[in-house]
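A structural walkthrough
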Amino acid sequence: MDRTEKREFVASLAAVFAETSMVVVTRNNGLTVAEVTDLRRKMRAEGVTFKVAKNRLANLALEGTQFDGIKPMLKGPTALAWSKDPVAAAKVAVEFAKTNEKFVVIGGALGTQALDASGVKALAELPSLDALRARLVGMIQTPATRIAAVVQAPAGNLARVFGAYARKDEAA
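Heads up: these notes are all about the structure in this document. (Residues numbered from 1 in each chain as written. Predicted model: local features only at pLDDT ≥ 70, side-chain atom pairs only at ≥ 80, totals over all residues. Heavy atoms only, no water.)

1. Topic: the overall build of the protein
Across its full length, the protein carries six helices and five strands. For 172 residues, the compact-globule estimate of 2.2 N^0.38 gives 16 Å, and the protein exceeds it by more than 25% at 27 Å. Overall size of the protein, expressed as C-alpha extent along the three principal axes, is 100 × 35 × 30 Å. When the 172 residues of the protein are sorted by exposure, 33% land in the buried category. Intrachain contacts of the protein at a sequence separation of at least 6 include 79% that bridge at least 24 residues. Just so you have it, the protein exposes about 10,700 Å², and 59% of that area is on carbon and sulfur atoms. Here the protein carries 24 positive and 17 negative side-chain charges, and the mean point of each set is 2 Å from the other. (Helix = DSSP H or I, 4+ residues; strand = E, 2+ residues; numbered from the N terminus. Rg over C-alpha atoms; globule rule 2.2 N^0.38 Å. Buried < 20%, exposed > 50% of the residue type's maximum accessible area, 1.4 Å probe, protein only. Contact = heavy atoms within 4.5 Å. Areas by Shrake-Rupley, 256 points an atom, 1.4 Å probe, with all protein chains shown as cover. Lys, Arg positive; Asp, Glu negative; His and termini not counted. Charge placed at Lys NZ, Arg CZ, Asp CG, Glu CD.)

2. Observations concerning helix H2 (residues 33-45)
When the terminal C-alpha atoms of H2 are compared, their 18 Å separation across 13 residues agrees well with the 18 Å that a helix rising 1.5 Å per residue should span. What H2 keeps buried is the set Val-36, Leu-39 and Met-43. In a view along the axis of H2, the buried residues occupy a sector of 60°, so they form one face of it. Summarising the geometry of H2, the exposed residues directed more than 90 degrees from the buried face are Val-33, Ala-34, Arg-44 and Ala-45. Those residues of H2 that are buried are in contact with strand S2 (49-52), strand S3 (78-83), helix H4 (86-99) and strand S4 (103-110). Once H2 ends, the next one or two residues include Gly-47, with phi positive near 80°. (Expected span 1.5 Å × (residues − 1). Arc of directions from axis to C-beta.)

3. Topic: the sheet that holds S4
On the basis of which strands lie adjacent, the open sheet formed by five strands has the order S2-S3-S1-S4-S5 and antiparallel pairing. Both edges of this open sheet fall to S2 and strand S5 (113-116), since each of them pairs with a single strand only. Looking at each pair of strands side by side, their axes are set apart by 25° on average, direction ignored. Of the pairings in the sheet, the one linking S2 to S3 comprises four bridges and is antiparallel in character. Its bridge partner lying in S3, Lys-51 is registered against Leu-80. (Pairing = 2+ DSSP bridges. Axes fitted to C-alpha atoms, helices over the stretch in contact; angles between N-to-C directions.)

4. Notes on the nonpolar core
Ranked by internal contacts, the top residues of the largest apolar core, which has 24 residues, are Val-24, Met-43 and Val-120. Within the residue set of this core, elements represented by two or more residues are strand S1 (22-28), H2, S3, H4, S4 and helix H5 (117-124). Looking at this core, the element that brings in the most residues is H4, giving eight residues. (Core = buried A, V, L, I, M, F, W, Y, C linked by side-chain atoms within 4.5 Å.)

5. Some details on the packing of H4 against H5
How two helices pack is summed up by the angle between their axes together with the distance between the axes. Contact pair H4 / H5: the axes reach a minimum separation of 8 Å and the direction vectors enclose 110°. With respect to each other, H4 and H5 are oriented roughly perpendicular. From H4, Pro-86, Val-87, Ala-90, Lys-91 and Val-94 reach across to H5, where they touch Val-120, Lys-121, Leu-123 and Ala-124. Grouping the amino acids of the contact of H4 with H5 by side-chain chemistry returns seven nonpolar, no polar and two charged. (Parallel < 35°, antiparallel > 145°, perpendicular 65-115°, else oblique. Nonpolar A, V, L, I, M, F, W, Y, C, P; charged D, E, K, R; others polar.)

6. Focus: the side chain of Thr-26
As for its placement among the helices and strands, Thr-26 is situated in strand S1. Apart from residues lying up to four places away in sequence, Thr-26 is in contact with Phe-50, Pro-77, Thr-78, Ala-79, Ala-93, Phe-103, Val-104, Val-105 and Ile-106.

7. A word on the side chain of Thr-78
Here Thr-78 is to be found in strand S3. At a separation of 2.5 Å, a polar atom in the side chain of Thr-78 contacts the side chain of Asn-55. In contact with Thr-78, not counting residues within four places along its chain, are Val-25, Thr-26, Arg-27, Asn-28, Val-52, Ala-53, Asn-55, Met-73 and Ile-106. (Polar contact = N/O pair within 3.5 Å; in protein donor to acceptor, adjacent residues only side chain to side chain.)

8. Describing the packing of aromatic side chains
The geometry of two aromatic rings is summed up by the distance between their centres and the angle between their planes. By the definition in use, this model includes three aromatic pairs. Ring centres of Phe-50 and Phe-103 lie 6.3 Å apart, and the angle between their planes is 55°; on these two criteria the pair is classed as tilted. With a gap of 53 residues between them, Phe-50 in strand S2 and Phe-103 in strand S4 connect regions that are remote in the sequence. Here the two residues Phe-50 and Phe-103 agree in accessibility, since each one is buried. (Phe/Tyr/Trp six-rings, centres within 6.5 Å; stacked < 30°, edge-to-face > 60°.)

Okay, structure coming up:
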């Protein structure tokens, strides 16, 4: 990588750090190409970006961002994962680490709050943003359907009474 490429990489990584709310730091010591490909495929499916970055360049990109707290974690062969959904990056990284002992979650940061490995694992247990949205919509819709049923019940009872009177008059 020449200097121009390094500057561009640092600038693009700094832009990512300015836009995202969650970064997960992982150590991938000895993963095969097939394992890394599988990991990237799983992350891409969940909308997560996974990037192996030189620690020195990542430290330069972290300067002045809200993720300054992860600088001490950048030692050895590390990789960064991030996404717009804060839970997705943690969830995919923790799930992959369960099945592969060469892939280790070191920690991360949620906004300005630095997280250790157990903090990232706790975050991974939370439901995703889409699941939370679905629950919220369900909670909002439930009272509306109950109100509609209660409002419609008297009208339905009234219609049944009129129907009974109409049948009674026909029979007579």
